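Each chain is listed here by its residues.
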Amino acid sequence: MKLSSPIFFDIPNAEICLYRNFLYDSQEEILYKELLENIAWQQDLIKIYGRKIPIPRLTAWYGDPNMSYTYSGILMNPHPWTLTLSLLKSQIEERIQHKFNSVLLNQYRNGTDSVAWHSDDEPELGETPVIASLSLGASRKFELRSKVKASLDRIELLLNSGDLLFMSGTTQKYWQHQVPKMRRVRESRINLTFRYIIVSGN
Ligand SMILES: O=C(O)CCC(=O)C(=O)O
Ligand SMILES: [Mn+2]
């Protein structure tokens, strides 16, 4: 791990910071290949006007036992942590001093894969979700827009391989984010969002 200093963004009602080059280049490549080959990637379907269509990316959900999670109406049961994922989790936890119990992985096969505007505000993430998002592979745009003030400018970041984006506080309450299509991008990208699910009754 490189101890690059984080960039803090001055965004109203949001807490966002970015660690550029969080990983060593050598770790990045090994990790990317290992995840591409060994993660249990699945193609989820989403119901739109009664028709089931494939979402434009592959996903996988890993975590502690019982951390099931509903994402875009899809109930996901976690696969148990792989050694690679749990080492990565510890590395991130140590750096940002926050605990995680699950990770959602997205694979964008090329620039036509994407994720539409949304907030990571599912009830199981609590009032102020804490998300650590690691990018590997192709560089892709990551955009933020305010849910409450249309007058606020959109924020656009380019997330490169090895970057770690950290979102906390009221970011999910007041802002949405998306990874838009970038049709000229031919290479794939893997993104891991480490999350903390609050189990009801705890
Ligand atoms: O790929 C990314 O950078 C973001 C993914 C995302 O927003 C999500 O999985 O909720
Ligand atoms: Mn998200």
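Residues numbered from 1 in each chain as written. Chains lettered and ligands numbered in written order. Predicted model: local features only at pLDDT ≥ 70, side-chain atom pairs only at ≥ 80, totals over all residues. Heavy atoms only, no water.

(A) Highlighting the environment of Leu35. Tracing the backbone shows Leu35 in helix 1 (residues 25-38). Relative accessible area serves as the criterion here: at 1%, Leu35 is assigned to the buried category. For the pair Leu35 and Thr84, spaced 49 residues apart in sequence, the C-alpha to C-alpha distance is 8.4 Å. Discounting chain neighbours no more than four positions away, the residues touching Leu35 are Trp41, Thr84, Leu85, Leu105, Leu136, Ile190 and Leu192. (Helix = DSSP H or I, 4+ residues; strand = E, 2+ residues; numbered from the N terminus. Buried < 20%, exposed > 50% of the residue type's maximum accessible area, 1.4 Å probe, protein only. Contact = heavy atoms within 4.5 Å.)

(B) Just the sheet that holds strand 14 (residues 175-179), in detail. The strand order 9-14-11-12 describes an open sheet built from 4 strands, whose pairing is antiparallel. Sheet topology places strand 9 (115-118) and strand 12 (155-159) at the edges, where each strand pairs with a single neighbour. Along the sheet, successive strands turn relative to each other by an average axial angle of 15 degrees, direction set aside. The pairing of strand 9 with strand 14 spans 2 bridges and is antiparallel. Considered in strand 14, the bridge of His118 is made with His177. (Pairing = 2+ DSSP bridges. Axes fitted to C-alpha atoms, helices over the stretch in contact; angles between N-to-C directions.)

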